[in-house]
2 protein chains.
Amino acid sequence: MSSRKLHLALHPYGVGGPGQHGLWKDPRVAKNSSIDINYYIRQAKAAEHALFDALFIVDSQFINATYPAHYLNRLEPLTLLSAVATHTRHLGLVGTASSTYNSPFNLARRFASLDHISGGRAGWNVVTSFDTGTAKNFGLDEHLDYATRYGRALEFVEVARGLWDSYEDDAFPADAERGIFLDPDRLHELRHEGEHFTVAGPLNISRSPQGQPVIFQAGVSEEGRDLAARVAEGIYAPGGSLEQAQEYYADIKRRTAAHGRDPDHIKIFIHGGPVVAATDEAARRREREIHEEDNDLGRNLALLGRSFGAYDFSRHDLDAPFPDVAHLAEKGGRTAAAKIVERAAAERLTLRQVAETVGAFRRSPFVGSPDTVTDAIERWFHAGAFDGINLAFRTDEELELFVEGVVPRLQKRGLFRTAYEADTLRGHLGLPVPVNRHTRERQAAGR
Amino acid sequence: MSSRKLHLALHPYGVGGPGQHGLWKDPRVAKNSSIDINYYIRQAKAAEHALFDALFIVDSQFINATYPAHYLNRLEPLTLLSAVATHTRHLGLVGTASSTYNSPFNLARRFASLDHISGGRAGWNVVTSFDTGTAKNFGLDEHLDYATRYGRALEFVEVARGLWDSYEDDAFPADAERGIFLDPDRLHELRHEGEHFTVAGPLNISRSPQGQPVIFQAGVSEEGRDLAARVAEGIYAPGGSLEQAQEYYADIKRRTAAHGRDPDHIKIFIHGGPVVAATDEAARRREREIHEEDNDLGRNLALLGRSFGAYDFSRHDLDAPFPDVAHLAEKGGRTAAAKIVERAAAERLTLRQVAETVGAFRRSPFVGSPDTVTDAIERWFHAGAFDGINLAFRTDEELELFVEGVVPRLQKRGLFRTAYEADTLRGHLGLPVPVNRHTRERQAAGR
């Protein structure tokens, strides 16, 4: 038995998800699930019943009509998670929010609020916004370039953490006899003046139960990995093959240590859309069905266009070589678009071939009977491919199959908890509660 | 019996409220109530049990250490209301948010999300932010001036309403057989380009149950009244004497009609902090106690300072004439600060006298036994002073006294509902559901 424990999060698909863009057509999926709070409350309760670490909500702030179903119509993550919070008691609540199209004061405050409401279960998945069209929803002519977005993200997290430390833990004696609600010596202005932000502070909400909500990130590029290693406490990693996952895992842990941080204080989750069935054969059959159901050329072209500023590829000949769109790829950093252009040139792919790769079903490493899936998870976990899995299921039945078939086997092997040992997301993930910077300074100075 | 019905909202004080800044010292008030979601859920359930129209949450985005208790530490309104939404079924949920320190895309989306989560009960109280220090929390050196803030507020509401109309009501056939989740002809970009905002749209959430969340405003100045008459469907009015309330009420209804709107489609609420007791004498005694408990010179000076950019008045002689701070009063519009300066000069007031007026307990018109309070409400209501009251109570016991003593009397007189007749905030307030602008245009063109 290993002392290292597996972490499990649930990524509710609603009417779709990555590589599951045709999910809404499944007769078992309610067509309004992405805007139905009761769907999310049920998913959260199921996840909590299964002792999962967290619910994980993805997001974006731009759509166009060609985008897949789950982009078009979905609840805003923090409103969603706040409603879920009071129907759960242990489950972590991780919401995605952009550091490019928010202001630090408002966002820090909303996450602190969620952390209070949930009793210490809030996590923020920091994204820099991928769709270049987002800029036009926020009054900017041009999307910020890659390097600027990542510089801004780093500073944004630093400002948010500074604001979360506005009040020391004992700032509110609320002593009616002495007439002292706030001890002003325990309140600290931030007075941040940086490259991207000027924020005076203080925040108008007390330090939350976790001290600071947990920071998640999804860094893939050089800049993204660096940001994650500097500030993230959880990562939604790209996954891929076992070797790719191991390379990523080792790289992030090494970078984190190089920044003077404990590599155990960054938990790496890969995306897992397991396909569990009674037998391996039934699971593989189901996987093929999903692949066929989900294949849609028009939608794949739209997804491909996302990487090139919502470019309309349908105007090009599908069977001609991939068109010359390198100038539409975002500059700075090895972006998704740059990689697509490189690969299309190197492998002389047609537009159709590229579209199929980009939009395609992501093959899950976890396909088979409960025993087979448990074996695969254990093997990958011990091989250093991840600390946790961000699980997504197409239907409630598939979630149930995993919870009833795989979770008990993981528990029997000592990989997964058999009861919650903590009430906060930090507690589940084994992350320390950060000491308020002003308290630390004061104590270091012997005051 | 009048066909015009009274509306009642609950403004939960938490640890304080306007003219109730010392409330936190009351032994019956939990010191953490302003950040305790269970406090708000209990208040909301009590309000719903009493058939109130809405819960009303105030807000600001700036504090300094001298501010009253309830400013220092409070939940963000939309996170709060979203958590409350799933614990109530009828109660309207009105949250305050600034049009000066938010972006239309994000805020429109959050209110649409709340409207979906609550099944059509969201309201937005539009404020332009009063504290000049707020600017420094958002990277601005200077707070926007009064006229600019009101111009921006008007355009902000127009943009939000445009975004809320991104999708027509039938935009999502979700027809699996034909493979059509979204009907692209029912999706509309906004392409707004105005003086303050450029927003392309569309929003990424379907039209919400109310069509558009209800817009509240709190216009007092010339600009504020004009904004309210143009766009508001509810107002949190200043109150004051019966004559002042009547003047305000008649003025707003007249201005609303002058803008071509039905004056019945703007509901005017005054602030009411009733003091109900078994007898008139007991209620008056309680009122005097509250006044004495709440009088605090230091806090009154801080509140006065709020109108002058958080200016520190404690450096001046209390009994000398009111200092020359006119240059600190915000320019443009007859602001609170300008009025204070005018009055201090006209009446030759000392600093102490001004501070006492500004910070003082606001005398409620509704003090007495249940019969006396019911009589006063009926008289003011029929005299055209308001359509509704935004009720605030210092303690749960005082809320209960009102609900058990006054509400049944209002019902007996035919002034207040005896059961909910609707499930949405628009329904309670008798406001129409706006037809989507694109549907209207299409229908007008016979398409």
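Only a predicted model underlies this, so the values are computations on that prediction, with no experimental measurement involved.

### Things to note about the sheet that holds strand S8 (residues 234-237) of chain B
All names here are of chain B.
Part 1 of the argument: Sheet architecture is closed into a barrel: eight strands sit in the order S1-S2-S3-S4-S7-S8-S9-S12, paired in parallel fashion. In this sheet, adjacent strand axes meet at a mean angle of 30° when their direction is disregarded.
Part 2 of the argument: Inspection of the sheet shows strand S1 (residues 7-10) paired to strand S2 (residues 54-57) by two bridges, in the parallel sense. Each residue of the ladder has a partner; that of Ala 9, found in S2, is Ala 54.
Part 3 of the argument: The strands touched by helix H7 (residues 242-258) are S8 and strand S9 (267-272); relative to S9, the strand with the most contacts, the crossing angle is about 155°.

### A closer look at the pattern of salt bridges
Part 1 of the argument: All chains considered together, the criterion is met by 66 salt bridges over all chains.
Part 2 of the argument: In this structure, the salt-bridge partner of Arg 230 of chain A is Asp 226 of chain A, at a minimum N-O distance of 2.9 Å. Here Arg 230 of chain A and its partner Asp 226 of chain A are both found in helix H6 (residues 222-231), four residues apart, which amounts to about one turn of the helix.
Part 3 of the argument: A relative accessible area of 39% means that Arg 230 of chain A is categorised as partly exposed.
Part 4 of the argument: Note that Asp 165 of chain B and Arg 437 of chain B form a salt bridge whose closest N and O atoms lie 2.8 Å from each other. Of the two residues, Asp 165 of chain B is situated in the loop between helix H5 (146-164) and strand S5 (192-193) and Arg 437 of chain B in helix H15 (residues 437-444); the sequence distance between them amounts to 272 residues.
Part 5 of the argument: Bridged by salt links that share partners, the residues Glu 222, Arg 225, Glu 247, Asp 251, Arg 254 and Arg 255 of chain A form one connected network.

### Here's the deal with the environment of Trp 380 of chain B
Residues and elements named next belong to chain B.
Part 1 of the argument: Considering the arrangement of structural elements, one finds Trp 380 in helix H12 (residues 370-382).
Part 2 of the argument: A C-alpha to C-alpha distance of 18 Å links Trp 380 and Pro 263, two positions 117 residues apart in sequence.
Part 3 of the argument: Those residues in contact with Trp 380, other than ones at most four positions away along the chain, are Gly 240, Ser 241, Leu 242, Ala 245, Ile 270, Pro 365, Phe 366, Ala 385 and Phe 386.

### Quick word on the relation of the copies chain B and chain A
Part 1 of the argument: For the pair chain B and chain A, the relating rotation is 180°, the translation along its axis is 0.0 Å, and the fit reaches an RMSD of 0.0 Å. Considering both components of the superposition, the chain copies are consistent with a two-fold axis. For chain B, the smallest separation between a C-alpha atom and the rotation axis is recorded for Ala 83 of chain B, amounting to 2.1 Å.
Part 2 of the argument: Most of the interface of chain B is mirrored in chain A, where 100% of its interface residues again form contacts.

### Observations regarding the interface of chain B and chain A
Part 1 of the argument: Taken together, the 62 residues of chain B in the interface contact 62 residues of chain A.
Part 2 of the argument: Both sides together, the interface formed by chain B and chain A hides about 5,000 Å², and carbon and sulfur atoms give 62% of it.
Part 3 of the argument: Between the two partners, chain B and chain A, sit two salt bridges.
Part 4 of the argument: Of the charged contacts in the structure, one is a salt bridge between Arg 109 of chain B and Asp 59 of chain A, with a shortest N-O distance of 2.5 Å.

### Some thoughts on unusual backbone geometry
Part 1 of the argument: Following Gly 201 of chain A, the chain continues to Pro 202 of chain A via a peptide bond in cis, the omega torsion being 0°.
Part 2 of the argument: Residue placement: Pro 202 of chain A occurs in the loop between strand S6 (198-199) and strand S7 (214-217).
Part 3 of the argument: Even without glycine at this site, Ala 310 of chain A takes up a positive phi of about 55°.
Part 4 of the argument: In this structure Ala 310 of chain A comes out as partly exposed when scored by relative accessible area, which is 28%.
Part 5 of the argument: A positive phi is found at Arg 348 of chain B, a non-glycine position, where the angle reads about 50°.
Part 6 of the argument: As for its position among the elements, Arg 348 of chain B is in the loop between helix H10 (336-346) and helix H11 (351-359).
Part 7 of the argument: Using a relative accessible area of 76% as the deciding quantity, one classes Arg 348 of chain B as exposed.

### Looking at a negative patch on the surface
Part 1 of the argument: Together, Asp 396, Glu 397, Glu 400 and Glu 404 of chain A make up a negatively charged patch on the protein surface.
Part 2 of the argument: Relative to the assigned elements, Glu 404 of chain A resides in helix H13 (residues 396-412).

### Quick word on the pairing of strand S4 (residues 122-127) of chain B
On a regular strand, one side chain projects to one face of the sheet and the next to the other, so that they alternate.
Residues and elements named next belong to chain B.
Part 1 of the argument: For S4, the tally of buried residues reaches five of six residues, placing the bulk of the element in the interior.
Part 2 of the argument: Between the parallel elements strand S3 (residues 92-98) and S4, the chain passes through helix H4 (residues 104-117) in a crossover that is right-handed.
Part 3 of the argument: The pairing of S4 with strand S7 (residues 214-217) spans four bridges and is parallel. Paired with Trp 124 across the two strands is Ile 215, which belongs to S7.

### Brief notes about the sheet that holds strand S1 (residues 7-10) of chain A
Two modes of strand pairing occur in sheets, parallel and antiparallel, and in both the strands are linked by backbone hydrogen bonds.
Part 1 of the argument: In spatial order, the strands read S1-S2-S3-S4-S7-S8-S9-S12 (chain A); together these eight strands close into a barrel with parallel pairing. This sheet shows a mean twist of 30° between the axes of neighbouring strands, independent of strand direction.

### Section: the pairing of S7 of chain A
Residues and elements named next belong to chain A.
Part 1 of the argument: Alternating positions in S7 separate into two faces, Val 214 and Phe 216 on one and Ile 215 and Gln 217 on the other, with burial throughout.
Part 2 of the argument: The sheet contact formed by S7 and strand S8 (residues 234-237) spans two bridges and is parallel. Among the inter-strand pairings, Phe 216 is bridged to a residue of S8, identified as Gly 234.
Part 3 of the argument: Between the parallel elements S7 and S8, the chain passes through H6 in a crossover that is right-handed.

### Comments concerning the environment of Leu 182 of chain A
Part 1 of the argument: Topologically, Leu 182 of chain A is positioned in the loop between helix H5 (146-164) and strand S5 (192-193).
Part 2 of the argument: For the pair Leu 182 of chain A and Ala 171 of chain A, spaced 11 residues apart in sequence, the C-alpha to C-alpha distance is 5.8 Å.
Part 3 of the argument: Those residues within four positions of Leu 182 of chain A in sequence are excluded, and the remaining contacts are Tyr 167, Ala 171, Phe 172, Pro 173 and Leu 187 of chain A together with Ala 65 and Leu 72 of chain B.

### Structural notes on the domain arrangement of chain A
All names here are of chain A.
Part 1 of the argument: Once the domains are mapped, chain A shows domain 1 (7-281 + 363-444) and domain 2 (296-359).
Part 2 of the argument: When each unit is reduced to the centre of its C-alpha atoms, the spacing between domain 1 and domain 2 is 29 Å.
Part 3 of the argument: Across the contact, 19 residues belong to domain 1 and 16 residues belong to domain 2.
Part 4 of the argument: Across the interface of domain 1 and domain 2, roughly 1,300 Å² is buried in total on both sides, 57% from carbon and sulfur atoms.
Part 5 of the argument: Taken as a group, His 21, Phe 130 and Tyr 146 account for 36% of the area that domain 1 buries against domain 2, more than any other trio of residues on that side.
Part 6 of the argument: There are one salt bridge connecting domain 1 and domain 2.

### A word on the packing of aromatic side chains
Part 1 of the argument: One pass over the full model with this rule turns up 46 aromatic pairs over all chains.
Part 2 of the argument: Centre to centre, the rings of Phe 393 of chain A and Phe 402 of chain A are 5.5 Å apart; their planes meet at 55°, and the pair counts as tilted.
Part 3 of the argument: Exposure remark for Phe 393 of chain A: the relative accessible area of 6% places this residue in the buried category.
Part 4 of the argument: Aromatic pair Phe 381 of chain B and Phe 386 of chain B: ring centres 6.2 Å apart, planes at 40°, arrangement tilted.
Part 5 of the argument: Look at Phe 381 of chain B and you get buried, because its relative accessible area is 0%.
Part 6 of the argument: Residue class for Phe 386 of chain B comes out buried when judged on its relative accessible area of 0%.
Part 7 of the argument: Through successive ring pairs, a cluster of aromatic residues spans Trp 24 of chain A together with Tyr 167, Phe 172 and Phe 181 of chain B.

### Here we look at the side chain of Glu 76 of chain A
Part 1 of the argument: With respect to the helices and strands, the residue Glu 76 of chain A is situated in the loop between helix H2 (69-72) and helix H3 (77-85).
Part 2 of the argument: At a separation of 2.6 Å, a polar atom in the side chain of Glu 76 of chain A contacts the side chain of Arg 110 of chain A.
Part 3 of the argument: Ignoring anything within four residues of it in the chain, the contact list for Glu 76 of chain A reads Arg 110 of chain A together with Arg 109, Arg 110 and Ser 113 of chain B.

Scoring rules and cut-offs
- Residues numbered from 1 in each chain as written.
- Chains lettered and ligands numbered in written order.
- Predicted model: local features only at pLDDT ≥ 70, side-chain atom pairs only at ≥ 80, totals over all residues.
- Heavy atoms only, no water.
- Pairing = 2+ DSSP bridges.
- Helix = DSSP H or I, 4+ residues; strand = E, 2+ residues; numbered from the N terminus.
- Axes fitted to C-alpha atoms, helices over the stretch in contact; angles between N-to-C directions.
- Contact = heavy atoms within 4.5 Å.
- Salt bridge = Lys/Arg side-chain N within 4 Å of Asp/Glu carboxyl O.
- Buried < 20%, exposed > 50% of the residue type's maximum accessible area, 1.4 Å probe, protein only.
- Least-squares fit on C-alpha atoms with pLDDT ≥ 70 in both.
- Buried area = accessible area lost by both parts, 1.4 Å probe.
- Patch = residues over 30% accessible without salt bridge, like charges linked within 9 Å, V, L, I, M, F, W, Y side chains within 5 Å.
- Areas by Shrake-Rupley, 256 points an atom, 1.4 Å probe, with all protein chains shown as cover.
- Lys, Arg positive; Asp, Glu negative; His and termini not counted.
- Charge placed at Lys NZ, Arg CZ, Asp CG, Glu CD.
- Right-handed = clockwise from strand over helix to strand, strands pointing away.
- Domains from an automatic or database assignment.
- Phe/Tyr/Trp six-rings, centres within 6.5 Å; stacked < 30°, edge-to-face > 60°.
- Polar contact = N/O pair within 3.5 Å; in protein donor to acceptor, adjacent residues only side chain to side chain.

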